Amino acid sequence: MELGEKLKSHRIKKGLSQEQLAEQVGVSRQAVSKWESNRALPSSDNLLILASVFGISLDELVATKAQQKDKKILHSNLSLIAIIWNAAALNIFQQPYPPSEYGLPNTNIFSIKITLLLSSTIWMAFNLRYEKNPEQYRKNTRIELAYSAVQLIVTLSAYFNHFTFLGSVLILVICIGYVLWINPKYMNRMFVKKKTDS
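Bear in mind the structure is a predicted one, so any value in this text is a computation, not a measurement.

**So, the packing of aromatic side chains**
Phase 1 of the analysis: Counted by the stated rule, this structure contains five aromatic pairs.
Phase 2 of the analysis: With a centroid separation of 5.4 Å and an interplanar angle of 70 degrees, the aromatic rings of Trp85 and Trp123 are classed as edge-to-face. Remark: Trp123 occurs in helix H7 (residues 106-126) and Trp85 occurs in helix H6 (residues 65-94); sequence separation between them is 38 residues.
Phase 3 of the analysis: Under the relative-accessibility criterion, Trp85 is labelled partly exposed at 31%.
Phase 4 of the analysis: For Trp123, a relative accessible area of 24% translates into the label partly exposed.
Phase 5 of the analysis: Between Trp181 and Tyr186, the ring centres sit 5.6 Å apart and the planes meet at 90 degrees, which makes this aromatic pair edge-to-face.
Phase 6 of the analysis: With relative accessibility at 48%, the residue Trp181 sits in the partly exposed group.
Phase 7 of the analysis: Every member of this aromatic cluster is reached through a ring pair, and the members are Phe93, Tyr159 and Phe160.

**Considerations on helix H4 (residues 44-54)**
Each α-helix turn comprises 3.6 residues. Residues three or four places apart therefore point the same way.
Phase 1 of the analysis: Of the residues making up H4, those classed as buried are Asn46, Leu47, Leu50, Ala51, Val53 and Phe54. The buried residues of H4 all sit within an arc of 160 degrees when viewed along its axis, so they share a single face. Projecting away from the buried face of H4 at angles above 90 degrees are the exposed residues Ser44, Asp45 and Ser52.
Phase 2 of the analysis: Count one or two residues on from H4 and you reach Gly55, which has phi positive near 70 degrees.

**A look at the side chain of Ser120**
Phase 1 of the analysis: Structurally, Ser120 can be placed in helix H7.
Phase 2 of the analysis: In contact with Ser120, not counting residues within four places along its chain, are Ala82, Trp85, Asn86 and Ala89.

What counts and what doesn't
- Residues numbered from 1 in each chain as written.
- Predicted model: local features only at pLDDT ≥ 70, side-chain atom pairs only at ≥ 80, totals over all residues.
- Heavy atoms only, no water.
- Phe/Tyr/Trp six-rings, centres within 6.5 Å; stacked < 30°, edge-to-face > 60°.
- Helix = DSSP H or I, 4+ residues; strand = E, 2+ residues; numbered from the N terminus.
- Buried < 20%, exposed > 50% of the residue type's maximum accessible area, 1.4 Å probe, protein only.
- Arc of directions from axis to C-beta.
- Contact = heavy atoms within 4.5 Å.

In structure tokens form, the structure reads like this:
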């Protein structure tokens, strides 16, 4: 979508006429008409005002579709890193404490495990902010909470029942399913750039 089409689309979403938008920006109606028909480009100052009027970021206003797609892939990949880190932290958490010959008291080891687990979970939750659609955001939040709860149940079961190998396998299988099936199908996350025919 070209800039002119974006301007027109955002203006209509805001319920503004060209005259009303021109008044808010401080230009003529003809200037807005030229912008929307791609016969002229707004100045950088006017772009800032337009973004403010529309309630969006300047980046969102001027970014091309390809740039937006690349940004979405980057955000999804940041989420992927957090998911992998979380699975690793869960695996570390369910492992038994090392013998005292390592010189660390058990309370310090437990604190390290909890810190790793909490930081990865917080990062996963923090990455939800990239979803701009409020309905999809709520859906992603519910799915991520369910995923975290299942992984935590598996981890605690493995820890208390001393079946760490099986626990590690289950954590890995659930993580792979979450990344390869749940995220693309239900959470609108694309982890790799799709190849286009050329």
